[in-house]
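Each chain, written out:
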Amino acid sequence: MVSKVGKKAFTNYPQQPHGGELVDQVVTGKEREELLERAKGLPTIMVDLEAVITLEMIATGVLSPNKGFMTEADYNSVLASGRLTNGLVWPAPLSFAPIGNRNKEIVASLKIGDEVTLANENKEPIAILQIEDIFKYDKEHRALSLFGTTDRDHPGVDSIYRRMGDVSLGGPIKLLQRVDWGPFEKLRLEPKDTWHTFYEEKKFRSVGGFITGANPLHRGHEYIHKNALEVLDGLLIQPLVEMAKREYTRHEFRMLSYRSVLDTYYPQDRSILAPLRVTYVFAGPRETVLHALIMKNYGCTHALIGRDHAGIGDYYDKYASHSIFDEFKPEELGIEVRLYHEVFYCTRCDSPATEQSCPHDSQYRINISGTGIREMLRHGIMPPKEIVRPESARIAMQGIQPKGLDAEGRAISPVGKTIKSMFPFYLERTRLGGRKRHTPLSVEELTNLDLEAANLDVRTNADRIYRDVFEEYSSVGDINRDLQPEWIADARESLRVQQEMVIQDLEEKVAQAPAAASDEFLYQDKEEAQRELDVAKKILEDIPKVITEERFQERVWNVLPYERYLGSDEPKE
């Protein structure tokens, strides 16, 4: 896209690549022609798309300072301490352990110092690997060290046993050809491109990086982005566009939903959108650290990390992606990490907020759950505008897979789970901000009708709560009474006149009432009549008073003649 950034240029930038050098293992020109020819005569290992993506990440500097796959020493050091043998922070091993019978035969024939061609599914040479190490490893040890579990239901653990062989090859690679990114090619930015854009073209001194997973852009994301844009020069948003689960929103539609929101609500010259093609490690907290280093290699000075960044189900603590950074010194990471608590929409505050900034409880909250949003889209429901911009939801709904429900009315996620994740008030209260239910609803008993009801309630009332509060305050606070509707004042005046009439009539009734009633159903004794009168007077007290313009005049006074406030000290003639 643009010319490469020279090594000397980094000294002038506010950021440095991880390890001090932006790796470039992409061969071009005559060298490429020679290596392509040499690749034909080398042993060949077939690799899948995930390996191809990893090769490209290494070669273009996304995973700097790594120039290839790790040797056994670095591999073990990373698993044990989250650092390379030279002490540099690196949280996840870069391993190449081919599977398949033919590949195993090739691996068995190799020795240190050999070269091997890595070819794609079309048998086209993608890269050449120079072998510096060949070693066996313990899959169970890898899973426990990297993921904290050996449970095969964990997608990262499953990937070890499903996608990795028993022998790993270590050494540097040379990339012979880049992969075409299809619909994302026009948006593709490599690290050399972003460094040039940030610091040569735009002259930024600070950039926040934000890597986001498989869900469309929502207001929780936007809250983090806008917060960062208040203090940073630029923002790099990188939605992941590979290796997502098949029930997610398709990548091209997610990118389009991002583009539509950025075009409408973000500063164009400071917000940069680029797809990020990475392989999912599914490493939870460790993957969060990896993403921070990837942002650093793209030139970002700050990493913006949400509450559940790279979270995997219930395998990790709610804020494990935050606490992991306690294990590293800021100077080791070389990028300022900004941690954000879970964002929700508070209808009482009438704004996105977190527990750090909002005092109101769950009866006023609409949670911003990416999974819940995705399931609402699958149900064919546009989420409330308070949690997803309609520009994002409308496009994302077109790309959801599978669409709709199955023959029994079920979606991928149980509807009760979706309601609880998005609208927690609904299980405890009759409506948003309403009274508590006598018996709370259980997740299991909720149906699609409940999802519709909760959504319609939020659509109708989410922005009404604060509006109603404001109207109450303004009815008392507006000294300029022209701002208050006349029909409100007329209604209040009618209420008072009518209640005063009730009181007058009851006063007459009390005066006439006997000490004991002859018919307890038809007539009241004096004590009961007095009770009715007392209640009627309290009702009159509770009716808002009509505040006329004349009554507000006593609130407006000035100590000095008005001319003095306009700056004139001349006495009036």
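Bear in mind that the values here come from a model prediction, so they are computed numbers and not experimental data. (Residues numbered from 1 in each chain as written. Predicted model: local features only at pLDDT ≥ 70, side-chain atom pairs only at ≥ 80, totals over all residues. Heavy atoms only, no water.)

Draft legend 1. Structural view of the side chain of Ser 260. Tracing the backbone shows Ser 260 in helix H9 (residues 251–265). A distance of 2.8 Å separates the side chain of Ser 260 from the backbone oxygen of Ser 257, its partner in a polar contact. Among the polar contacts made by the side chain of Ser 260, one reaches the main-chain carbonyl oxygen of Glu 391 at a distance of 3.1 Å. Residues in contact with Ser 260, not counting those within four places in the same chain, are Glu 391, Ser 392 and Ile 395. (Helix = DSSP H or I, 4+ residues; strand = E, 2+ residues; numbered from the N terminus. Polar contact = N/O pair within 3.5 Å; in protein donor to acceptor, adjacent residues only side chain to side chain. Contact = heavy atoms within 4.5 Å.)

Draft legend 2. Layout of unusual backbone geometry. Ser 64 connects to Pro 65 through a cis peptide bond whose omega is 15°. Here Pro 65 is to be found in the loop between helix H2 (49–59) and strand E2 (68–69). Omega for the peptide link from Gln 401 to Pro 402 comes to -10°, which places this bond in the cis form. For Pro 402, the position within the fold is in the loop between helix H14 (390–398) and helix H15 (415–422). Positioned with a positive phi, Lys 123 is a non-glycine residue whose angle comes to about 65°. In this fold, Lys 123 is placed in the loop between strand E3 (115–119) and strand E4 (125–130). For Lys 123, a relative accessible area of 68% puts it in the exposed group. Of note in this structure, Lys 203 is not a glycine but carries a positive phi near 60°. Structurally, Lys 203 is set in the loop between helix H7 (191–201) and strand E7 (207–212). (Buried < 20%, exposed > 50% of the residue type's maximum accessible area, 1.4 Å probe, protein only.)

Draft legend 3. Examining the pairing of E4 more closely. Of the strand pairs in this sheet, E3 and E4 are connected by 5 bridges, and their pairing is antiparallel. Bridging from a neighbouring strand, Thr 117 pairs with Ile 128 of E4. Taking the residues between adjacent antiparallel strands as the criterion, E3 and E4 are bridged by 5 residues, where Lys 123 takes a positive phi near 65°. One ladder, built from 3 bridges, connects E4 with strand E6 (residues 167–175); its direction is antiparallel. Within the sheet, the bridge partner assigned to Leu 129 lies in E6 and is Ile 173. (Pairing = 2+ DSSP bridges.)

Draft legend 4. Inspection of the layout of surface pockets at higher detail. Considering only enclosed or pocket space, the second largest pocket measures out at about 680 Å³ in volume. Lining the second largest pocket we find 35 residues, and of these Glu 50, Thr 54, Ser 95, Arg 163 and Met 164 sit closest to its centre. Where the lining of the second largest pocket is concerned, the elements lending two or more residues are H2, helix H5 (139–147), helix H6 (155–163) and helix H10 (285–297). (1 Å grid on protein atoms, 1.4 Å probe; cavity = no way out; pocket = protein on both sides within 12 Å on 5 of 7 lines; lining within 4 Å. Points joined across faces, edges and corners; volume = space filled by probe spheres on them.)

Draft legend 5. Just empty space enclosed by the protein, in detail. Scanning the model with the defined rule gives 1 cavity of 30 Å³ or more in all. A volume near 90 Å³ is recorded for the largest cavity. Along the walls of the largest cavity sit Ile 53, Glu 56, Met 57, Thr 60, Val 62, Trp 181, Arg 188, Leu 189, Glu 190, Arg 277 and Tyr 298, which together make up its complete lining. Across the lining of the largest cavity, the residue classes tally to 6 nonpolar, 1 polar and 4 charged. (Nonpolar A, V, L, I, M, F, W, Y, C, P; charged D, E, K, R; others polar.)

Draft legend 6. Here's a closer look at the sheet that holds strand E11 (residues 336–339). Overall, parallel pairing links the 5 strands, which are arranged E9-E8-E7-E10-E11 in an open sheet. The open sheet is flanked by strand E9 (271–273) and E11, the only strands paired with a single partner. Averaged over all pairs of adjacent strands, the angle between their axes in this sheet comes to 25°, without regard to strand direction. Summarising the sheet, E7 and strand E8 (residues 234–239) pair through 6 bridges and their orientation is parallel. (Axes fitted to C-alpha atoms, helices over the stretch in contact; angles between N-to-C directions.)

Draft legend 7. Just the pattern of salt bridges, in detail. Scanning the entire structure with this criterion turns up 31 salt bridges. Measuring nitrogen to oxygen at the nearest pair gives 2.8 Å for the salt bridge that ties Glu 386 to Lys 385. Residue classification places Glu 386 among the buried positions, given a relative accessible area of 3%. In this structure Lys 385 comes out as partly exposed when scored by relative accessible area, which is 41%. In this structure, Glu 532 engages Lys 509 in a salt bridge whose closest nitrogen and oxygen atoms are separated by 3.0 Å. Of this pair, Glu 532 sits in helix H20 (residues 526–542) while Lys 509 sits in helix H19 (residues 486–512), and the two are 23 residues apart along the sequence. Owing to a relative accessible area of 27%, Lys 509 belongs among the partly exposed residues under this scheme. One connected set of salt bridges, linked through shared partners, spans Glu 56, Arg 178, Glu 185, Arg 188, Glu 190, Lys 192 and Asp 193. (Salt bridge = Lys/Arg side-chain N within 4 Å of Asp/Glu carboxyl O.)

Draft legend 8. Highlighting H10. Taking 1.5 Å of rise per residue, 13 residues should cover 18 Å, and H10 covers 19 Å from first to last C-alpha, within 8% of that figure. With 13 of its 13 residues buried, H10 lies for the most part within the structure. Phi turns positive, to about 100°, at Gly 299, one or two residues after H10. (Expected span 1.5 Å × (residues − 1).)

Draft legend 9. Molecular detail of the nonpolar core. Judged by nonpolar contacts, the single largest core of 78 residues is most densely connected at Ile 45, Leu 63, Trp 90, Leu 129 and Ile 294. Ranked by residues supplied to this core, first place goes to H2 with 7 residues. Core analysis: the second largest hydrophobic core is formed by 27 residues, Tyr 345, Phe 425, Leu 446 and Ile 465 among them. (Core = buried A, V, L, I, M, F, W, Y, C linked by side-chain atoms within 4.5 Å.)

Draft legend 10. Region of the structure containing a negative patch on the surface. Taken together, the side chains of Asp 482, Glu 486, Asp 490, Glu 493, Glu 500, Glu 549 and Glu 550 make up a negatively charged region of the molecular surface. Sorting elements by how many residues they give to the negative patch places H19 first, with 4 residues. Note on placement: Glu 493 falls in helix H19. (Patch = residues over 30% accessible without salt bridge, like charges linked within 9 Å, V, L, I, M, F, W, Y side chains within 5 Å. Areas by Shrake-Rupley, 256 points an atom, 1.4 Å probe, with all protein chains shown as cover. Lys, Arg positive; Asp, Glu negative; His and termini not counted. Charge placed at Lys NZ, Arg CZ, Asp CG, Glu CD.)

Draft legend 11. Broad picture of the pairing of strand E5 (residues 133–136). A one-sided burial pattern is seen for E5, the buried positions being Asp 133 and Phe 135 and the unburied ones Ile 134 and Lys 136. The pairing of E5 with E6 spans 4 bridges and is classified as antiparallel. In the sheet register, Lys 136 faces E6, and the bridge partner there is Val 167.

Draft legend 12. Main features of the packing of aromatic side chains. In the structure shown here, the tally under the stated rule is 12 aromatic pairs. Here the aromatic rings of Tyr 13 and Trp 195 are separated by 5.8 Å at their centres, their planes lie at 25°, and the arrangement is stacked. With Tyr 13 in the segment before helix H1 (29–39) and Trp 195 in helix H7, this residue pair connects regions lying 182 residues apart in the sequence. With respect to class, Tyr 13 is no different from Trp 195; both count as buried. Directly above the ring of Tyr 265 sits Arg 389, whose terminal nitrogen or CZ lies 3.8 Å from the centroid. (Phe/Tyr/Trp six-rings, centres within 6.5 Å; stacked < 30°, edge-to-face > 60°. Lys NZ or Arg CZ within 6 Å of the ring centre and 35° of its normal.)

Draft legend 13. Representation of the packing of H15 against helix H17 (residues 448–461) in the model. Two elements in contact, H15 and H17, have axes whose closest approach is 9 Å; the angle formed by their N-to-C orientations is 20°. Comparing their axes, H17 and H15 come out roughly parallel. As for how H15 packs across H17, the hand of that crossing is left-handed. Here H15 contributes Val 415, Thr 418 and Ile 419 to the contact with H17, which in turn contributes Asn 448, Asp 450 and Leu 451. When its residues are assigned to classes, the contact of H15 with H17 shows 3 nonpolar, 2 polar and 1 charged. (Parallel < 35°, antiparallel > 145°, perpendicular 65-115°, else oblique. Left-handed = near helix turned anticlockwise from the far one by under 90°.)

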